[in-house]
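Here's the letter readout for the chains.
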Amino acid sequence: MKIFRAFTALLIACLLVSALLHIVLLMSDSPEYRTWVYIQISLHVLGAWLLWHARKFRLIALLGFAVLSLPLVYINATYLNYGNGPNLWLAPLLFWCAYGSLAAFAWRGSTSRSMSSGT
């Protein structure tokens, strides 16, 4: 359970740092590219907010982050990093296999603890 919370806190920090680093991409001459960067930054911040709630074992926030990760990866693969689409989908897929397993394990642990304590 502590590992899940610690790893989720690390992910929150990574998303927020990534959002800050995306500001450099706003120097592009293309208004369309800048629009995609703004959307990506917004999705990063929203993802960090959802993860903040997911680390408190709110299933809806974890599911929301899972759904949000699809447009995050799509925008990154299609509009921000041209031509690397298939490669940019593999890492998030592997991430979700690992993070989903960690979340399920932590969720099971928190549920069994609350049931055994009578809460």
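Source: prediction; values computed, not measured.

Draft legend 1. Region of the structure containing the environment of Ser30. With respect to the secondary-structure elements, Ser30 resides in the loop between α1 (2-21) and α2 (31-54). The partly exposed category is assigned to Ser30, whose relative accessible area is 30%. At 3.2 Å, the side chain of Ser30 forms a polar contact with the backbone nitrogen of Tyr33.

Draft legend 2. Representation of the nonpolar core. In terms of nonpolar packing, the biggest core is built from 25 residues, with Phe4, Val37, Leu51, Phe65, Leu68 and Tyr99 touching the most fellow members. Those elements that place two or more of their residues in this core are α1, α2, α3 (59-80) and α4 (85-116). Filtering out sequence-adjacent residues up to four positions away, Phe65 remains in contact with Leu15, Gly47, Leu50, Leu51, Phe95 and Trp96.

Draft legend 3. Fine view of the packing of α1 against α2. One can describe the packing of α1 onto α2 by two numbers: an axis separation of 9 Å at closest approach and a directional angle of 165 degrees. Taken together, the axis directions place α1 and α2 in an arrangement best described as roughly antiparallel. Note on packing geometry: the crossing formed by α1 with α2 is left-handed. Contacts between α1 and α2 involve Phe4, Thr8, Leu11, Ile12, Leu15, Leu16, Ser18 and Ala19 from the first element and Ile41, His44, Val45, Gly47, Ala48, Leu51, Trp52 and Ala54 from the second.

Draft legend 4. Representation of the packing of aromatic side chains within the structure. On inspection of all chains with the given rule, the structure shows ten aromatic pairs. Their ring planes at 70 degrees and their centres at 5.6 Å tell us that Trp96 and Tyr99 sit as a pair that is edge-to-face. One end of the pair is Trp96 and the other is Tyr99, both in helix α4 and three residues apart, which spans about a single turn. Accessibility expressed as a relative area gives 1% for Tyr99, which makes it buried. An aromatic cluster of three or more residues is present, and its members are Phe4, Phe7, Phe57, Phe65, Phe95, Trp96, Tyr99 and Trp107. Between Arg55 and the ring centre of Trp52, over which it is positioned, the NZ or CZ distance is 4.7 Å.

Draft legend 5. Representation of α2. With 24 residues, α2 extends 34 Å from end C-alpha to end C-alpha; this agrees with the ideal 34 Å at 1.5 Å per step. Looking at α2, one finds that the buried residues are Tyr33, Val37, Gln40, Ile41, Leu43, His44, Gly47, Ala48, Leu50, Leu51, His53 and Ala54.

Conventions we followed
Residues numbered from 1 in each chain as written. Predicted model: local features only at pLDDT ≥ 70, side-chain atom pairs only at ≥ 80, totals over all residues. Heavy atoms only, no water. Helix = DSSP H or I, 4+ residues; strand = E, 2+ residues; numbered from the N terminus. Buried < 20%, exposed > 50% of the residue type's maximum accessible area, 1.4 Å probe, protein only. Polar contact = N/O pair within 3.5 Å; in protein donor to acceptor, adjacent residues only side chain to side chain. Core = buried A, V, L, I, M, F, W, Y, C linked by side-chain atoms within 4.5 Å. Contact = heavy atoms within 4.5 Å. Axes fitted to C-alpha atoms, helices over the stretch in contact; angles between N-to-C directions. Parallel < 35°, antiparallel > 145°, perpendicular 65-115°, else oblique. Left-handed = near helix turned anticlockwise from the far one by under 90°. Phe/Tyr/Trp six-rings, centres within 6.5 Å; stacked < 30°, edge-to-face > 60°. Lys NZ or Arg CZ within 6 Å of the ring centre and 35° of its normal. Expected span 1.5 Å × (residues − 1).

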